[in-house]
Amino acid sequence: MKSLLERFVSRGGKPEFGTPGPRVAGGELPARLFGVIAEFANAEDLLHAVPKARKEGYQVMEAYTPYPIEELNDAIGHGPSRVPVLVLLGGIVGALFGFGLQYWTSVIDYPLNIGGRPYNSWVSFIPITFECTILFAGLAAVLGMLVLNRLPMPYHPVFSVPRFQLASRDRFFLMILARDPHFRAGDTFRFMETLGASHVSDVED
Amino acid sequence: MTPADQDSNRADVGSGTPPVIAPGHTFGSVTDKISAIVLTRKTPIGWWFGFLIAFALMNVMMVAITYLFVKGTGIWGINIPVGWGFAIVNFVWWIGIGHAGTLISAILLLLKQTWRTSINRFAEAMTLFAVACAGIFPIIHTGRPWLAYWLFPYPNTMGVWPQFRSPLIWDVFAVSTYATVSLLFWYVGLIPDLATLRDRSQSPIGRVVYGMLAMGWRGSARHWHRYETAYLLLAGLATPLVVSVHTVVSFDFSVGIIPGWHATIFPPYFVAGAIYSGFAMVMTLSIPLRKVFGLEDFITMRHLQNMAKIMLATGLIVAYGYGIELFMAWYSGNEFETFMIKNRILGPYGWIWFLLVLCNVITPQFLWLKRVRNSVVGLFIISIIVNIGMWFERFVIIVTSLHRDFLPSSWDMYVPTKWDWSFFVGTLGLFFSLMFLFIRFLPVISIFEMRTIATGDDPASADTKDMGGAA
């Protein structure tokens, strides 16, 4: 059970989280470098920079934008989200719970004759079954999104970059993580500067 | 934002239809303008004035609730035969008002109506506060409100369960699910904007409070992807939910055998009425809001016109519902149904029925005129009249159906007491107090969604334009 849960929220293969992996670079890394982040003035520049970084061989990166950009998730190499499956499961569990609750209480635990209606008045049980379906699916959508995003997370290394505040206003950011096998502190920094970024800075862990 | 999107918004500017956002706004300017209401602008004197009035009225409710707990429901005008008075009238009225918020935020999102973007946030807040007001009434109506939790199925020492064949228990589930899902929808929508407020707040308290509420949101591509998926699915779930809630509320009546309640038209007629009154309330709130905070760029005439059209359409459905009630009373040939309609129109409460027709059927017909749809003052007046009319509708349905039922010897009149009025006025106070606090402390328009429709060029981006060769 635990391993299943762990697998579901596992950090394996997830670039953005967890401690940096083994450093392949020799000696040149500053201590506890989390990644290098570049700031772009508009979405187009960021969208042009992502494939270039991928072409250069970088795999473990993350982009930050002030509003959702649909194509970015795919461009950066993240897979589809698992939220829909959770919502479906939530809905199924909710429906079973809703109907099961009414069936068990009205037929098994305490059968009552209400105006001669059958104990299993399934038609009358539909509204509550429906409401429970929606409730559980809705909770699964929100909690699933938060858990998979590993929120709440009060601190993250990107917050140590002063200009990162603008990610929630009008600036677009691309970070290549130190965990990337291709990452070389100086080289990556210089590469990011060629992408058309207005600022490039190190992100300390 | 792709260039194609920008073009489509610009095309709106060129044609006769007003735009959904004034031209020239950038990511930065929408962020600054909306967050400034919360963070930097001085609280307008009008805010204090309005909040203090609303807060005073809310205290009327607190007094009324205290007195009710001491004396019991005998302080109201209810008795046999009218056992459901103002409390249920107000409950249905408030819960109906809430429906427009969900409709705007969920159904219009699924239909890709971009104009919803600048009104969905406060419409959702309105939903939440209206449901809070509505929720008070059934609880205090139980007579022993401190035992209201008996409505929920929990294992108890008495060994009994709620009666699941009753619409009243369906209502418990429908309204509590609705409140929960509306809260989730609203809060999820707020998370990215709370992060914006966290990053822009100058005060340490603001940073800490908004920071905790934002839960460490940083807008990463992967997060946005899951976020958008969850938000869209929530919208898909909220859409059938909102229809189910007022349907279940109408079951509270239509499953009973009282003439005037026992009608199959009730579910669609109630849902249309709910949306009708809800849009009227959104209009009543948005017109002063855009004026006081100078949000005319974001809540444009396009929004007001579209809401007016929805009000007109749902108003016609409601009018059709009234017509069908009259028709069925005649067509059924049932003497109790016929009497009920005659009594409703010509009986002692007949004047309220005529007011209801005046407010709900005749007044919205002015919305056919383009000149009226273009007049802010006209729309404001019509929206208030419709709000009042919808309250009359619930009064007519509940009181005139009950006060003269099958047995003339049990007929009686229902007269609300001053405590009935206190509860009604008090929940208005609660609603507006919450609304004023919301406007002051949270972004009243969804900032991140406004960024997706902002069409202006960002002057700040000029310093990197020399990178054009890279594209």
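How each quantity is defined
- Residues numbered from 1 in each chain as written.
- Chains lettered and ligands numbered in written order.
- Predicted model: local features only at pLDDT ≥ 70, side-chain atom pairs only at ≥ 80, totals over all residues.
- Helix = DSSP H or I, 4+ residues; strand = E, 2+ residues; numbered from the N terminus.
- Buried ≥ 20, exposed ≤ 12 C-beta atoms within 10 Å, placed from the backbone.
- Rg over C-alpha atoms; globule rule 2.2 N^0.38 Å.
- Contact = placed C-beta atoms within 7 Å.
- Domains from an automatic or database assignment.
- Nonpolar A, V, L, I, M, F, W, Y, C, P; charged D, E, K, R; others polar.
- Axes fitted to C-alpha atoms, helices over the stretch in contact; angles between N-to-C directions.
- Parallel < 35°, antiparallel > 145°, perpendicular 65-115°, else oblique.
- Left-handed = near helix turned anticlockwise from the far one by under 90°.
- Core = buried A, V, L, I, M, F, W, Y, C linked by C-beta atoms within 7 Å.
- Pairing = 2+ DSSP bridges.
- pLDDT = per-residue confidence, 0-100.
- Expected span 1.5 Å × (residues − 1).
- Bend = angle between axes of the 7 residues up to and from the residue.
- Arc of directions from axis to C-beta.

Let us look at the overall build of chain A. Each helix and strand counted, chain A has 6 helices and 4 strands in total. Ordered by position in the sequence, the α and β elements of chain A form the string α-β-α-β-α-α-α-β-α-β. A buried classification covers 44% of the 205 residues belonging to chain A.

Turning to the overall build of chain B, a few remarks are in order. Looking only at helices and strands, chain B features 16 helices and 0 strands. In terms of overall dimensions, chain B is globule-like: its C-alpha atoms have a radius of gyration of 24 Å, near the 23 Å expected for 471 residues. Each principal axis of the C-alpha distribution contributes one length, and for chain B these read about 90 × 55 × 40 Å. Considering chain B as a whole, with its 471 residues, one finds that 48% of them fall into the buried category. Within chain B, residue pairs in contact and separated by at least 24 positions form 82% of the contacts whose partners lie at least 6 positions apart.

Along its sequence, chain A is carved into domain 1 (31-66 + 170-205) and domain 2 (83-148). One C-alpha centre belongs to domain 1 of chain A, the other to domain 2 of chain A; they are set 47 Å apart.

One frequently used descriptor of interface size is the decrease in accessible area upon assembly of the parts. Taken together, the 60 residues of chain A in the interface contact 56 residues of chain B. Every element with two or more residues in the side of chain A that touches chain B is listed here: α2 (43-55), β2 (61-64), α3 (70-75), α4 (83-109) and α5 (122-148) of chain A. In terms of residues, the side of chain A that touches chain B owes the most to one element, α5(A), which gives 15 residues. In the side of chain A that touches chain B, the residues fall into 32 nonpolar, 19 polar and 9 charged.

Residues and elements named next belong to chain B. Note on placement: methionine 158 falls in the loop between α5 (120-141) and α6 (167-200). Under the C-beta neighbour-count criterion, methionine 158 is labelled exposed, with 8 such atoms within 10 Å. C-alpha separation for the pair methionine 158 and glycine 256, spaced 98 residues apart in sequence, amounts to 28 Å.

Looking now at the packing of α6(B) against helix α7 (residues 204-214) of chain B. Residues and elements named next belong to chain B. Remark: α6 packs on α7, axes separated minimally by 8 Å, with the N-to-C direction vectors making an angle of 155 degrees. The angle between the axes of α6 and α7 places the two elements in the roughly antiparallel class. Handedness of the crossing formed by α6 with α7: left-handed. Touching Ile191, Leu194, Ala195, Leu197 and Arg198 of α6 are Arg207, Tyr210, Gly211, Leu213 and Ala214, all from α7. Among the residues forming the contact of α6 with α7, the class breakdown is 7 nonpolar, 1 polar and 2 charged.

The biggest cluster of nonpolar side chains holds 190 residues, and the ones touching the most others in it are A:Leu174 and B:Val282. When residues of this core are sorted by domain, at least three fall in each of domain 1 (31-66 + 170-205) and domain 2 (83-148) of chain A. Beyond its immediate chain neighbours, meaning those up to four positions away, A:Leu174 contacts A:Ala38, A:Phe40, A:Leu46, A:Ala49, A:Val50, A:Ala53, A:Met61 and A:Ala63.

Moving on, we come to the packing of helix α4 (residues 86-110) of chain B against helix α14 (residues 376-403) of chain B. Residue and element names in this part refer to chain B. Viewed as axis vectors pointing N to C, α4 and α14 meet at an angle of 140 degrees, and their least axial separation amounts to 9 Å. The orientation of α4 with respect to α14, classified from their angle, is oblique. The two elements α4 and α14 cross, and the hand of that crossing is right-handed. Contact residues: Ile88, Val89, Val92, Trp93 and Gly96 in α4; Met390, Trp391, Arg394, Phe395 and Ile398 in α14. When grouped by side-chain class, the residues that make up the contact of α4 with α14 number 8 nonpolar, 1 polar and 1 charged.

We now examine the sheet that holds strand β3 (residues 172-177) of chain A. Residue and element names in this part refer to chain A. In spatial order, the strands read β2-β3-β1-β4; together these 4 strands make up an open sheet with antiparallel pairing. Each edge of the open sheet is held by one strand with a lone partner, namely β2 and β4 (199-204). Neighbour-to-neighbour, the strand axes of this sheet turn through a mean angle of 20 degrees, independent of strand direction. Pairing between strand β1 (residues 33-40) and β3: 6 bridges, direction antiparallel. Paired with glutamate 39 across the bridge in β3 is phenylalanine 173.

What follows is about the confidence of the model for chain B. All names here are of chain B. Looking at chain B as a whole, the pLDDT averages 90, with 93% of positions reaching at least 70. Note on residues 1-15: pLDDT under 50 across the span, and 13 contacts to partners over four residues away in sequence or across chains. Low confidence marks residues 459-471, where pLDDT is under 50. Its contacts with residues over four positions away, or in another chain, come to 17 contacts. In the predicted assembly, ipTM is 0.90 and pTM is 0.89.

All names here are of chain A. Here β2 shows no split at all, with Met61 and Ala63 on one side and Glu62 and Tyr64 on the other all buried. Both β2 and β3 contribute to a ladder of 4 bridges, which runs antiparallel. Each residue of the ladder has a partner; that of alanine 63, found in β3, is leucine 174.

This paragraph deals with α4(B). Residues and elements named next belong to chain B. Along its 25 residues, α4 runs 36 Å from first to last C-alpha, staying within 8% of the 36 Å computed at 1.5 Å per residue. If you look at α4, its biggest bend is around 35 degrees, right at leucine 103. Within α4, 23 of the 25 residues are buried, which leaves the element mostly enclosed by the surrounding structure. Lysine 112, located one to two residues past α4, shows a positive phi value of around 55 degrees.

Turning to the environment of B:Ala308, a few remarks are in order. All names here are of chain B. Looking at the secondary structure, you find alanine 308 in helix α10 (residues 301-331). Judged by the 27 C-beta atoms lying within 10 Å of it, alanine 308 is buried. Separated by 75 residues in the primary sequence, alanine 308 and serine 383 have C-alpha atoms spaced 8.8 Å apart. Those residues in contact with alanine 308 that lie beyond four places of it in its chain are Leu367, Arg373 and Leu379.

Residues and elements named next belong to chain B. Across its 12 residues, helix α11 (residues 335-346) extends 16 Å between first and last C-alpha, which sits within 8% of the 16 Å expected from 1.5 Å per residue. Every buried residue of α11 is listed here: Met340, Ile341, Asn343 and Arg344. On an axial view of α11, the arc spanned by its buried residues comes to 165 degrees, and they lie on one face. Among the exposed residues of α11, those pointing more than 90 degrees away from its buried face are Glu335, Lys342 and Leu346. Buried residues belonging to α11 abut α10, α12 (350-362) and α14.

The next thing to look at is the environment of A:Ala178. By the secondary structure assignment, A:Ala178 is in the loop between β3 and α6 (185-193). For the pair A:Ala178 and A:Arg117, spaced 61 residues apart in the sequence, the C-alpha separation amounts to 68 Å.

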